[in-house]
Each structure stands twice: as C-alpha cells, then as structure tokens.
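Chain by chain, the residues:
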Amino acid sequence: MTMLKQLSMAAAAIGIMSAAPAIAQEIKTPADAANFYQSDKVSMQPVTFLNQYKMTIAGNLFTPKAADSKEKFSAIIVGHPMGAVKEQSANLYATKMAERGFVTLAVDLPFWGGSSGEPRNAVSPDMYAETFSAAVDYLGTRPFVDKERIGVIGICGSGSFAVSAAKIDPRLKALATISMYDMGAASRNALNRSQTLEQRRRIIADAAEQRYVEFTGGESRYTSGTVHELTPDSNPIEREFYEFYRTPRGEFTPQGASPLTTTHPTLSSNVKFMNFYPFNDIETISPRPMLFITGDQAHSKEFSEDAYKRAAEPKELLYVKGAGHVDLYDRTSLIPFDRLTGFFKENLK
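Remember, predicted model here, so these are calculated numbers, not experimental data.

## Structural notes on the environment of Asn 51
Mapped onto the fold, Asn 51 is located in the loop between β1 (42–50) and β2 (56–64). As a C-alpha pair, Asn 51 and Ile 335 span 284 residues in sequence and 30 Å in three-dimensional space. Only 2.8 Å separates the side chain of Asn 51 from the backbone nitrogen of Tyr 53, close enough to count as a polar contact.

Okay, structure coming up:
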C-alpha cells in the first residue's frame, strides 16, 4: 500500500466516521487480546519530565508491588507504535515486564498523547529519538533505579526511534524491538519497495504546498494512519490496523484530542521521515545486545530482517510463529514475554 493510497483513504475516512461503530460490532476481538491489561502485582504512577529541549514528556511509571524499597532495579523504557499513545500497547508491555521484576516506563512521544509539542501529531524523528534519552535522564536519577541497567523496548515505529537513540546514547544497555517499522524506509519506499520515485515526489510536493496553507493560518491536513471505515476494497493491512485502533480492542483517544486524527500525522511534517535513516551505522551499537522480534506472518518483517542483517553481534532475530504485525501489540499468548524477560535479565545484570 503506497503512502498516496494511505493518504486518500485517510482523507475519505474523515467524512464517514459515523459508519465505523456498526462495522466494529462485526469484528471479533481475539480472546487473548489484552491491550488494557492491569495487574494487582504492579503499581502505576503517571509522571512527567522534560526532554533536552524543555518539552514535557508524559509517561506511566510501573513498579513491582513486592519490591524491596532499598533495592535498585533494572529499568525498561517502552515506546508506543507510531501514531499511537502509551495506552496502546506500550502500557501492556510495561505492566507485564514490571510483573517480572523490572521498573518500567511507558512514554508518549512528543506531539502525541500527554506529551507537549505543537502542532499536534507532528512528525520529528529527532525529537522522537530524544524521548528515549530523556527517559534515561529521568529513570537514571530515580533512587530506586540502577542507572547502569536501563534498557528499551520499541514497538512498531518506536523500534526505529529507539535504534536511532541507542546509536548516540550508550546509557541504553540493551534494546528489543517488536513488530518494528523503519519509518524512514516505509515513507520513502512503502512496503516491499512498492512506491515509485514519482509517487514520492508527488507526496513531497503536496506536503510542501501545505506548508503555505499552515503558514498563512489555514487548517492542518492529516495523512496515512488507520482508516475509519472498512469497505469491500479494504486490503488486509488496512483491516489489521482497523481491528486494533478503531474497535474497543485498542481504541483510545487522549483527553483534548479527536478520534478523527488518532494515528494520523500531519501531512506537512510526515515527509520528514524521508530524511530518517535509523539503520545507518546500527552496527555501532555493538557490543550492546539487540533483540528483534517479529511475527513470521507480519507485513512489516522486512524491517526487522534488514536491521538484523546490518547490526553487529550480539544480536538475535526472533520470529513468532503465526503472528502478524498487530498481533504483537496485545495478544498475550503470542507475545514472547519469557524471552524478553530472559533477554533483559541477562543483559541488564
């Protein structure tokens, strides 16, 4: 699916939002989907802190209830899928890993959720990567966290942002990605390199013209993201994202936001991804370990495979049998929490 098609589908969907609820009722949520999972073994506290540019980052801090108050813990930062918020997938991973004895911090990227930044839904790969370093600043100054034992889990687009951060922040000691999207390659080339150079140029030109509109006080336009209606022509990827983001399975709209713009970045800023090359120099992260997790049926597995190929040892590419891309957002019987636990216990000693 090219970015142009994503744009046209998203634009069309804005006007037909009212049709979505009837469709949502026809979709059966997997029995093991647990995006909004909560645990009585874990304490959760909303927190805020500043990044290097004095922007406010919102997060949810999770700690094991059975923790010894004098103990210093290993900690894991969790980043949400691109266009989502921490309440979508990141909180689940943070809760589950806190149950396993880690202090965890699920964060909202700037311009999304509870984090600051205007305009809302803006794309800034550098600011996204900075969020993970800012989270290290925060965690590493907590008295109950060992600042030498901080790792990161990046889900979907946050996988590529976490890689970008780790290349220049050695305080991130171990990195795991889940259903990773290289947002740079996806924007330049689309999946399986299906986007032509001419299509790319049209997207860039459209975004450049939109800057004039916004500079003179016009309204923002939005692009890509998740469709608001399924039709007989909806492709499997559109359906996969719809079944998470547009149904009770994973639907969440932050206070002050609109469901019409949920998952949709601004058109004028989205082209900044085309200058984003997170896997260049990925080998310099070594000898810090990297674990790339993808479903063997995931439409996005090309990105984890590419990162694994370029990374230096120690590294691991784990295929989850029978899993698609979104399955690893919230399907707890498929998400390999035991492997994640072993990876971080081994590498955050």
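Back to the text.
## Observations concerning the pairing of strand β4 (residues 103–107)
The buried fraction of β4 amounts to 5 of the 5 residues, a majority that puts the element mostly inside the structure. Because side chains alternate across β4, one face comprises the buried residues Val 103, Leu 105 and Val 107, and the other comprises Thr 104 and Ala 106, equally buried. Pairing between β2 and β4: 4 bridges, direction antiparallel. When the sheet's bridge partners are listed, Phe 62 is paired in β4 with Thr 104. Relative to β4, strand β3 (residues 73–79) runs parallel, the two sharing 5 bridges. Within β4, the residue paired with Ala 75 across the bridge is Val 103. Of the crossover connections in this fold, the one passing from β3 over helix α3 (residues 90–99) to the parallel β4 is right-handed.

## Here we look at the packing of aromatic side chains
Across all of its chains, the model carries 15 aromatic pairs by this definition. Taking 6.5 Å as the distance between ring centres and 85° as the angle between the ring planes, the aromatic pair formed by Phe 292 and Tyr 308 counts as edge-to-face. Here Phe 292, found in strand β7 (residues 290–295), pairs with Tyr 308, found in helix α10 (residues 301–310); they are 16 residues apart in sequence, far enough to count as distant. An aromatic cluster of three or more residues is present, and its members are Tyr 128, Phe 161, Phe 273 and Phe 276. Positioned above the aromatic ring of Tyr 308, the side-chain terminus of Lys 315 is 4.5 Å from the ring centre.

## Let's talk about α10
Here α10 has its buried residues at Phe 303, Ser 304 and Ala 307. The buried residues of α10 occupy an angular sector of 95° when the element is viewed end-on, so they sit on one face.

## Quick notes on the pairing of β1
Examined bridge by bridge, β1 and β2 share 9 bridges and lie antiparallel to one another. Bridged to Met 44 within β2 is Phe 62. Hairpin remark: β1 followed by β2, antiparallel, with 5 residues in the connecting loop; positive phi at Lys 54, about 65°.

## A short note on the packing of α3 against helix α12 (residues 337–347)
In contact at an axis separation of 11 Å, α3 and α12 are set at 65° when each is read in the N-to-C sense. Regarding α3 and α12, the two cross each other, and that crossing is right-handed. Contacts between α3 and α12 involve Tyr 93, Lys 96 and Met 97 from the former and Phe 337, Leu 340, Thr 341 and Phe 344 from the latter. Class assignment for the residues of the contact of α3 with α12 results in 5 nonpolar, 1 polar and 1 charged.

## Considering the nonpolar core
Core analysis: the biggest nonpolar cluster contains 91 residues, and Ile 77, Tyr 93, Leu 139, Ile 153, Leu 340 and Phe 344 have the highest contact counts within it. Considering each element in turn, this core owes the most residues, 9 residues, to helix α4 (residues 125–140). If we ignore the near neighbours within four places in the chain, the residues touching Leu 139 are Leu 61, Ala 75, Ile 77, Val 103, Leu 105, Val 145 and Ile 150.

## Side note on the environment of Arg 149
Along the chain, Arg 149 falls in strand β5 (residues 145–155). Under the relative-accessibility criterion, Arg 149 is labelled buried at 17%. In sequence terms Arg 149 and Ile 76 are 73 residues apart; their C-alpha atoms lie 8.6 Å from each other. Separated by 2.7 Å, the side chain of Arg 149 and the backbone oxygen of Lys 72 make a polar contact.

What counts, and where the lines are drawn
Residues numbered from 1 in each chain as written. Predicted model: local features only at pLDDT ≥ 70, side-chain atom pairs only at ≥ 80, totals over all residues. Heavy atoms only, no water. Helix = DSSP H or I, 4+ residues; strand = E, 2+ residues; numbered from the N terminus. Polar contact = N/O pair within 3.5 Å; in protein donor to acceptor, adjacent residues only side chain to side chain. Buried < 20%, exposed > 50% of the residue type's maximum accessible area, 1.4 Å probe, protein only. Pairing = 2+ DSSP bridges. Right-handed = clockwise from strand over helix to strand, strands pointing away. Phe/Tyr/Trp six-rings, centres within 6.5 Å; stacked < 30°, edge-to-face > 60°. Lys NZ or Arg CZ within 6 Å of the ring centre and 35° of its normal. Arc of directions from axis to C-beta. Axes fitted to C-alpha atoms, helices over the stretch in contact; angles between N-to-C directions. Left-handed = near helix turned anticlockwise from the far one by under 90°. Contact = heavy atoms within 4.5 Å. Nonpolar A, V, L, I, M, F, W, Y, C, P; charged D, E, K, R; others polar. Core = buried A, V, L, I, M, F, W, Y, C linked by side-chain atoms within 4.5 Å.

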